[in-house]
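# A look at the structure
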Amino acid sequence: MGTTDPEIRRIRALRLRAQGLVPGVRDWRTAPDAARGMLAIQAQDGAAARFALSLRASERPDDASVLADLAERRITRNRPARGTLQITAPEDLHWLSAALTVRSRAEAAKRRPQLGITDTMMADAERIIRAELAGGASRTRPELVAACADAGLPLDNSQTGHILRDLTELMAIVFADPAPKTDVFALADDWVAERRDPDHALGEAVSRFVAARGPVTRQDIGKWAYLPMGAVDEGIDAAGDAVERVRLAGTTYLVAPGTVDLTDAQVDEALARPLLLPGFDEYIIGYGSRATQLDESFLNRIVPGRNGVFKPMVVIDGEIVGVWAKKATAKTVTVTIEPFTKITAAAKRRLAGPAQDYGRFLGLEATLA
């Protein structure tokens, strides 16, 4: 565990700085600022995504504040990339979805015969759901299923999931009110008031992805955006001077210009504070290869059985060295650390601060176990 390789430490420091995980580096005051700066963050675990945004915002908003940002449409949760739930700035959702969902929608469409879904069913479901949500209405998933059944289109659970996923990727509908325990949807054009369309969507996606996660490789971009490498290269070319190539630790990376030349003191500062990151955090999700910040022999501890569910992570010196879990009551939350190998008593003591930060995010008194 740990490394003294200065190039590896520099990459970790650069990534933490780019991701807004080093105080004072990124000018992200609020959760919407952080969402805009990150381009998109993985959000199938809504509570984890809200904590991820809070960690990157200098105001450190609590969970209630980030929920309010979602409810009041300052940030939006939908599926703009890989068919995966993400949180973005609302104005980025249309163009990002159009650029990054073509491949995932085409692959999903191939599964329709197995699900018993026809093109006619897809069209009918979209018509019924659009009508149900017309006029600014929002409806829960069960209510939309009932509306389809009432209109003569009964759907089982798998069919419902497929259709709703496609309509979110298509940007016909978006996830709306985050408060209920079930998913709630609204028409995208009603829920998302602002919309911007960059001159070159792939160039915009690449330049902002690199700025928010660099140093990254071409392959990192392709995996995160679920794009073929030809499209990645098109995006890199379109990004132009917004990205530059550098050689670090024997690998060619893309970075935002002017970010690489850190002093040794700046590297040490970026790596000094340990972190408790939520599950699915972009510090691991944002990279095709995690070898720089993780001994990949431990990946199965983060994603047990490679089931796609990422546990919350402990980060020391920029390295992912363990996972953590929480147990909450009405007034307290206990954070339990599970290191991959032995960590020092001093490192454990330093994790008390991040645990208390997590407690403040929840509005609870935190204890580190």
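Structural data are supplied above this passage.
Summary of the structure given here. (Residues numbered from 1 in each chain as written. Predicted model: local features only at pLDDT ≥ 70, side-chain atom pairs only at ≥ 80, totals over all residues. Heavy atoms only, no water.)

### Structural notes on the overall build of the protein chain
- Within the protein chain, the regular secondary structure consists of 19 helices and 13 strands.
- Relative to the 2.2 N^0.38 estimate, which gives 21 Å for 369 residues, the radius of gyration of the protein chain is 21 Å and therefore close to what a compact globule would have.
- Taking the principal axes of the C-alpha coordinates as reference, the protein chain spans close to 65 × 55 × 35 Å.
- Relative to its full complement of 369 residues, the protein chain shows a buried share of 53%.
- Sequence-distant contacts, at least 24 apart, represent 65% of the contacts inside the protein chain between residues at least 6 apart.
- Taking the average location of the 48 positive side-chain charges in the protein chain and that of its 49 negative ones, the two points are 6 Å from each other. (Helix = DSSP H or I, 4+ residues; strand = E, 2+ residues; numbered from the N terminus. Rg over C-alpha atoms; globule rule 2.2 N^0.38 Å. Buried < 20%, exposed > 50% of the residue type's maximum accessible area, 1.4 Å probe, protein only. Contact = heavy atoms within 4.5 Å. Lys, Arg positive; Asp, Glu negative; His and termini not counted. Charge placed at Lys NZ, Arg CZ, Asp CG, Glu CD.)

### Comments concerning the side chain of Arg79
- Along the chain, the position of Arg79 falls in strand β2 (residues 76–81).
- It turns out Arg79 is buried and unbridged, and the closest side chain with the opposite charge, Asp183, is 6.0 Å from it.
- Here Gly83 takes part through its backbone oxygen, which lies 3.5 Å from a polar atom of the side chain of Arg79.
- Polar contacts involving the side chain of Arg79 include one to the side chain of Thr168, which spans 3.0 Å. (Salt bridge = Lys/Arg side-chain N within 4 Å of Asp/Glu carboxyl O. Polar contact = N/O pair within 3.5 Å; in protein donor to acceptor, adjacent residues only side chain to side chain.)

### Here's the deal with the sheet that holds strand β4 (residues 138–140)
- Across the sheet, which stays open at both edges, the three strands sit in the order β4-β6-β5 with antiparallel pairing between neighbours. Of all the strands in the sheet, just β4 and β5 (173–175) have a single pairing partner and so form its edges. Pairwise comparison of adjacent strand axes, ignoring direction, gives a mean angle of 35° for this sheet.
- In this sheet, strand β6 (residues 184–187) lies alongside β4 in antiparallel orientation, the contact comprising three bridges. Paired with Thr140 across the bridge in β6 is Val184. (Pairing = 2+ DSSP bridges. Axes fitted to C-alpha atoms, helices over the stretch in contact; angles between N-to-C directions.)

### A few points about the sheet that holds strand β10 (residues 313–316)
- Overall, mixed pairing links the five strands, which are arranged β9-β10-β11-β12-β13 in an open sheet. Only two strands of the sheet have a single neighbouring strand rather than two, namely β9 (275–277) and β13 (365–368). Taken pair by pair, the neighbouring strands of this sheet meet at an average axis angle of 30°, ignoring direction.
- In this sheet, β10 lies alongside β9 in antiparallel orientation, the contact comprising three bridges. When the bridges of β10 are listed, Leu276 appears paired with Val314.

### Details of unusual backbone geometry
- In this model, Gly214 is joined to Pro215 through a cis peptide bond whose omega is 10°.
- Of note in this structure, Arg73 is not a glycine but carries a positive phi near 75°.
- Counting through the fold element by element, Arg73 comes out in the loop between α4 (63–71) and β2.
- Positive phi, normally seen in glycine, also occurs at Met171, with a value near 65°.
- Here Met171 shows up in the loop between α10 (157–169) and β5.

### A short note on helix α19 (residues 352–362)
- Every buried residue of α19 is listed here: Pro354, Ala355, Asp357, Tyr358, Gly359 and Phe361.
- Trailing α19 by a residue or two, Gly363 shows a phi angle of about 75°, which is positive.

### Points about the pattern of salt bridges
- Per the counting criterion, the structure on display carries 27 salt bridges.
- In this structure, Glu126 and Arg130 form a salt bridge, with 2.9 Å as the shortest nitrogen-oxygen distance. With Glu126 and Arg130 both in helix α8 (residues 119–132) and four residues apart, this pair spans about one turn of that helix.
- We classify Glu126 as partly exposed; its relative accessible area is 21%.
- Here Asp357 and Arg360 are joined by a salt bridge, their closest N and O atoms 2.1 Å apart. Placement of the pair is Asp357 and Arg360 together in helix α19, with a separation of three residues, close to one helical turn.

### Topic: the packing of aromatic side chains
- By the definition in use, this model includes eight aromatic pairs.
- Judged by centre distance (4.8 Å) and plane angle (15°), the ring pair of Phe298 and Phe340 falls under stacked. With Phe298 in the loop between α16 (282–285) and α17 (299–302) and Phe340 in the loop between β12 (332–339) and α18 (345–350), this pair connects stretches of sequence that are 42 residues apart.
- Its relative accessible area of 9% is what places Phe340 among the buried residues.
- Their ring planes at 75° and their centres at 5.0 Å tell us that Trp324 and Tyr358 sit as a pair that is edge-to-face. One end of the pair, Trp324, is in strand β11 (residues 319–328); the other, Tyr358, is in helix α19, with 34 residues separating them in the sequence.
- By relative accessible area, which is 5% here, Trp324 ends up buried. (Phe/Tyr/Trp six-rings, centres within 6.5 Å; stacked < 30°, edge-to-face > 60°.)

### Brief notes about the packing of helix α1 (residues 6–18) against helix α15 (residues 264–272)
- Interaxial distance between α1 and α15 falls to 9 Å at its minimum, and their mutual angle equals 65°. For the crossing formed where α1 meets α15, the hand is left-handed. Of the residues in α15, those in contact with Arg9, Arg10, Arg12, Ala13, Leu16 and Arg17 of α1 are Asp264, Gln266, Val267, Asp268, Ala270 and Leu271.
- In the contact of α1 with α15, the residues fall into five nonpolar, one polar and six charged. (Left-handed = near helix turned anticlockwise from the far one by under 90°. Nonpolar A, V, L, I, M, F, W, Y, C, P; charged D, E, K, R; others polar.)

Shape is all these values report; function is a separate question.
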